[in-house]
Amino acid sequence: MADLLRKPNGNTGKVHDISPDSAGWSYVGFTLYRLHPGDSASEHTGSEEVILVLVEGKAAIQAAGQDFSVMGDRMNVFEKTPPHCVYVPGASDWSAVAETDCTLAVCKAPARGDYPVQQIGPAEIALEERGTGTNLRHINNIAMEGRDVAGSLLVTEVFTPAGHWSSYPPHRHDEDNFPEMTYLEETYYHRLNPDQGFGIQRVYTEDGALDETMAVSSHDVVLVPKGHHPCGSPYGYEMYYLNVMAGPLRKWRFENDPAHHWIYERDN
């Protein structure tokens, strides 16, 4: 079996520390901190650029010599309000001191170009709908390609209502063949509401060489090195996930699984 499902290593502090080396790929890193008031986190970005996402809670952020003061107003991720985020360039230091219980995601990819440290959101982020019927979900586009704020990173949040599907119809972005498709590694950081819930994610290739179906719990991370990767949220449980993508080109181009593309054609 592929090692695609990563469980948190605890309930406080640095609960995920996924690097390209530990993931077995080349571009995406993901770290997650769960902090109590007064707890701190800090890192040096080195050769990577970073987008800090305050998933929930408040923290005082400093990055690349700038003091962003206390950020965050979403105390529970399922409020669905836009997150407070900070882009941090390569060769820079950042730190966060929690003002409340908070969850801080650190999205990482190779530093490219010359992008300044800056706050991203919440003003520029608006909740959007995608899909129809039980394929309806809600999107906070934090740093997709329409916003020229990073050299590598693509970052977005998705809220999937109970009983709905997401990242669906199944699609893949695992070939460096722009403009038809771009190669993008991807992580999914999952949350469920109520918290004791579970969701389902399948990661598979059309030839069957990779075919893993996982039950995901709150604070789990799923790695998507290649293939299609749909999610399902069971009746009674709302699903959130934070996506981090990166590859040779900062563009998101994908192809649906031909077996299920008829759903996209019908709905569009």
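Use the structure listed above.
Residues numbered from 1 in each chain as written. Predicted model: local features only at pLDDT ≥ 70, side-chain atom pairs only at ≥ 80, totals over all residues. Heavy atoms only, no water.

Draft legend 1. Focus on the pairing of strand 14 (residues 154-160). Buried residues dominate strand 14, accounting for 7 of its 7 residues. Of the two faces of strand 14, both are covered, the one formed by Leu-154, Thr-156, Val-158 and Thr-160 as well as the one formed by Val-155, Glu-157 and Phe-159. Of the pairings in the sheet, the one linking strand 13 (residues 137-143) to strand 14 comprises 5 bridges and is antiparallel in character. If you follow Ala-143 over to strand 14, its bridge partner there is Val-155. Bridge count between strand 14 and strand 22 (residues 238-246): 7 bridges; the pairing is antiparallel. By the bridge assignment for strand 22, Thr-160 is matched with Met-239. (Buried < 20%, exposed > 50% of the residue type's maximum accessible area, 1.4 Å probe, protein only. Helix = DSSP H or I, 4+ residues; strand = E, 2+ residues; numbered from the N terminus. Pairing = 2+ DSSP bridges.)

Draft legend 2. Region of interest: the nonpolar core. Residues Phe-30, Ile-51, Val-53, Ile-142, Val-155 and Leu-242 are the most contacted members of the largest nonpolar core, which totals 49 residues. For this core, the leading source of residues is strand 22, giving 6 residues. The residues contacting Val-155, other than those within four sequence positions of it, are Ile-51, Val-53, Cys-107, Asn-141, Ile-142, Ala-143, Met-144, Leu-242 and Asn-243. Counting 20 residues, the second largest nonpolar core, distinct from the first, contains Val-50, Trp-94, Ala-96 and Leu-104. (Core = buried A, V, L, I, M, F, W, Y, C linked by side-chain atoms within 4.5 Å. Contact = heavy atoms within 4.5 Å.)

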